[in-house]
Amino acid sequence: MAPTRYHTVAIILHWVIALGILVQIVMGLAMTHLAIPIGLKFQLYQLHKSIGLTVLLAVFLRAAWRLANRPPALPATMPVLERFAAQATHWLLYALMFALPLTGWAEVTVSPYHIPTVLFRLVPWPDFPGLAGFAGNKLADAIATFVHTRLAFVLMGLLGLHAAAALRHHFLLRDGILRRMLPFL
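Everything numeric in this text was worked out from a predicted model, so none of it was measured. (Residues numbered from 1 in each chain as written. Predicted model: local features only at pLDDT ≥ 70, side-chain atom pairs only at ≥ 80, totals over all residues. Heavy atoms only, no water.)

So, helix α1 (residues 8-33)
Reasoning step 1: In a regular helix each residue adds 1.5 Å, so 26 residues correspond to 38 Å; α1 covers 37 Å between its end C-alpha atoms and thus fits that length.
Reasoning step 2: Those residues of α1 that fall on the buried side of the exposure criterion are A10, I11, L13, I17, G20, I21, Q24, I25, M27, G28, A30 and M31.
Reasoning step 3: Packed against the buried residues of α1 are α2 (38-68), α3 (80-110) and α4 (138-173). (Helix = DSSP H or I, 4+ residues; strand = E, 2+ residues; numbered from the N terminus. Expected span 1.5 Å × (residues − 1). Buried < 20%, exposed > 50% of the residue type's maximum accessible area, 1.4 Å probe, protein only. Contact = heavy atoms within 4.5 Å.)

Here it is in structure tokens:
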């Protein structure tokens, strides 16, 4: 029998990742657009790297869980085009949730500043495999920064679409889609 709700593990990972991404978006925008003291900016960058790599780990766990555990089926009444859009959006979200931390890691590796990453000030993190030779390369840094930043804006758009669709299903269609992922229902 197909499940009607996501498993508790999937729900926890979903909301941990969602919270991590929201924090990353706010932090990323603050670091790059606000006039903040250099010491605070340095701390934000370090925390941004730590949270980004933590989100990457959580996304790996979430993807592995999803591959091993079938999610609840979409409502049979959902139109084919809407079903396709929902599935495509989810796969794009997964792709971006992998790509953003990886491009951030690449960006840090090729940066001319070459500031080591130490996860939560405890665990030294290596350079991105194969990119250490590009450290300080201005073109590589510009490309990595461009890709990371643009993907972040694409992710923000998709997250807005994802949230709007969930709210539409909950408040307008009342079909139980959102309740399948809420931890308290």
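Some points on the pattern of salt bridges
Reasoning step 1: A full pass over the atoms with the stated rule returns one salt bridge.
Reasoning step 2: Salt-bridge contacts for R168 lead to E82; the nearest nitrogen and oxygen are separated by 2.9 Å. One end of the pair, R168, is in helix α4; the other, E82, is in helix α3, and 86 residues separate them in sequence. (Salt bridge = Lys/Arg side-chain N within 4 Å of Asp/Glu carboxyl O.)

Points about unusual backbone geometry
Phi is mostly negative for residues that are not glycine, and the peptide bonds are mostly trans.
Reasoning step 1: The backbone phi angle of H114 is positive, close to 45 degrees, even though this residue is not glycine.
Reasoning step 2: For H114, the position within the fold is in the loop between α3 and β1 (117-119).
Reasoning step 3: Take H114: its relative accessible area is 37%, and that puts it in the partly exposed class.
Reasoning step 4: A positive phi angle is found at R174, which is not glycine, with a value near 50 degrees.

Examining α4
Reasoning step 1: Its 36 residues place the ends of α4 51 Å apart at the C-alpha level, agreeing with the 52 Å of an ideal helix rising 1.5 Å per residue.
Reasoning step 2: Buried within α4 we find A140, D141, A144, H148, L155, L158, A166 and H169.
Reasoning step 3: The backbone nitrogen of L139 lies 3.0 Å from a side-chain oxygen of the residue at the head of α4, namely N137.
Reasoning step 4: Downstream of α4 by one or two residues, R174 has phi in the positive range, about 50 degrees. (Polar contact = N/O pair within 3.5 Å; in protein donor to acceptor, adjacent residues only side chain to side chain.)

Description of the side chain of Q24
Reasoning step 1: Mapped onto the elements of the fold, Q24 is located in helix α1.
Reasoning step 2: Classification of Q24 as buried rests on a relative accessible area of 13%.
Reasoning step 3: Excluding anything up to four places from it in sequence, Q24 contacts L47, H48, I51 and G52.

Here's the deal with the nonpolar core
Reasoning step 1: Counting 19 residues, the largest nonpolar core has I17, I21, V55, V59, M97 and L155 as the members making the most contacts within it.
Reasoning step 2: Elements that contribute at least two residues to this core include exactly α1, α2, α3 and α4.
Reasoning step 3: Not counting residues up to four positions away in its chain, the partners in contact with V55 are I17, G20 and I21. (Core = buried A, V, L, I, M, F, W, Y, C linked by side-chain atoms within 4.5 Å.)

Quick word on a nonpolar patch on the surface
Reasoning step 1: A contiguous nonpolar surface patch, about 390 Å² in accessible area, is contributed by L47, F120, L122 and V123.
Reasoning step 2: Residue placement: F120 occurs in the loop between β1 and β2 (123-125). (Patch = residues over 30% accessible without salt bridge, like charges linked within 9 Å, V, L, I, M, F, W, Y side chains within 5 Å. Areas by Shrake-Rupley, 256 points an atom, 1.4 Å probe, with all protein chains shown as cover.)

A word on the packing of α2 against α3
When two helices pack together, you describe them by how their axes are tilted relative to each other and by the distance separating the axes.
Reasoning step 1: Where α2 meets α3, the closest approach of the two axes is 10 Å, and the angle between their N-to-C directions is 145 degrees. Two packed elements cross with a definite hand, and for α2 against α3 that hand is left-handed. Note on element contacts: α3 touches α2 through H90, Y94, M97, F98, P101, L102 and V108, opposite K49, G52, L56, V59, F60, R62, A63 and R66.
Reasoning step 2: In terms of residue class, the contact of α2 with α3 is made up of ten nonpolar, two polar and three charged. (Axes fitted to C-alpha atoms, helices over the stretch in contact; angles between N-to-C directions. Left-handed = near helix turned anticlockwise from the far one by under 90°. Nonpolar A, V, L, I, M, F, W, Y, C, P; charged D, E, K, R; others polar.)

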